[in-house]
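Fold and geometry: a report
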Amino acid sequence: LRIDPSDSYSHLALARLQSRRERSTFGELKKTCSDETADTKHSLLSKGITPETIAQSQPISLARQAFYNGINNCPNSIHLWQAWALHEESLGNISFARSLFQRALCIDEINPYVCHGYGLLEHRSGNYDAAQNLWERPLHSNREGTSTAALVCSLGKLLVAKGELKKTRDLYMKHVTRIKSE
């Protein structure tokens, strides 16, 4: 096979494979970076620092190396940024995962998959308002394909938990016909 470094999907497939291997081999991994270091990386990301800066302070693993190579060759691949964020979240690197999600949102601020994944991270962290805001972003958009069952269900469950039943009914009524999947 001919290797094409600009093929983001090949990088993504390799990085996901390495991520699964790491998580299954090592089981419950310990946090690999301090919140202070991750917060520093977050502030660097918001200033537009390159992927090299992000990767330099992280311990090297095969998955991180694969994500890094992918981002380095395909910096605008929202799928790579999101998958890397999910990988870091699975390792307990919440601050770093947030910075990666935020970088993905710089590429597409209403991407339903990024908003859903990032919203789940915030919900699990107890940041319910942040989760709600992230889930509502794509749903308030007029762009085709931004209503997903995952977004509607996650937001609906949150609204029910908050006792906002009318808002939940309105949400389902508005989006049930916009969702493409059964």
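Our subject is the structure listed above.
Overview of the structure. These figures come from a predicted structure and were not determined experimentally.

As a further point, take the overall build of the protein. Assigned secondary structure in the protein consists of 10 helices and 0 strands. N-terminal to C-terminal, the α/β element order of the protein is α-α-α-α-α-α-α-α-α-α. Intrachain contacts of the protein at a sequence separation of at least 6 include 57% that bridge at least 24 residues. Of the roughly 10200 Å² of accessible surface on the protein, 54% is carried by carbon and sulfur atoms.

With that out of the way, let us pick up the pattern of salt bridges. This structure, assessed with the given rule, holds 9 salt bridges. Note that Arg124 is salt-bridged to Glu89, the shortest N-O span being 2.6 Å. On the criterion of sequence distance, the pair formed by Arg124 in helix α7 (residues 112-124) and Glu89 in helix α5 (residues 78-90) is long-range, its members being 35 residues apart. In this structure Arg124 comes out as exposed when scored by relative accessible area, which is 56%. One salt bridge connects Glu164 with Lys162, and the closest N-O pair in it is separated by 4.0 Å. Taken together, the shared-partner salt bridges in this structure form one network comprising Asp129, Glu136, Lys162, Glu164 and Lys167.

The α-helix advances 3.6 residues per turn, and as a result positions three or four apart in sequence lie on the same side. The terminal C-alpha atoms of helix α9 (residues 149-161) lie 18 Å apart, and with 13 residues this matches the ideal 18 Å at 1.5 Å per residue to within 8%. Turning to α9, its buried residues are Leu151, Val152, Ser154, Leu155, Gly156, Leu158 and Leu159. In this structure, the buried residues of α9 make contact with α7, α8 (128-139) and α10 (165-175). Among the residues trailing α9, Gly163 stands out with phi positive, at a value near 80°.

Glancing now at α10. Among all positions in α10, only Thr168, Leu171 and His175 are buried. Relative to the axis of α10, the buried residues are bounded by an arc of 60° and lie together on one face. Opposite the buried face of α10, at more than 90 degrees from it, the exposed residues are Lys166, Arg169 and Met173. Summarising the contacts, the buried residues of α10 are in contact with α8 and α9.

Basis of the calculations
Residues numbered from 1 in each chain as written. Predicted model: local features only at pLDDT ≥ 70, side-chain atom pairs only at ≥ 80, totals over all residues. Heavy atoms only, no water. Helix = DSSP H or I, 4+ residues; strand = E, 2+ residues; numbered from the N terminus. Contact = heavy atoms within 4.5 Å. Areas by Shrake-Rupley, 256 points an atom, 1.4 Å probe, with all protein chains shown as cover. Salt bridge = Lys/Arg side-chain N within 4 Å of Asp/Glu carboxyl O. Buried < 20%, exposed > 50% of the residue type's maximum accessible area, 1.4 Å probe, protein only. Expected span 1.5 Å × (residues − 1). Arc of directions from axis to C-beta.

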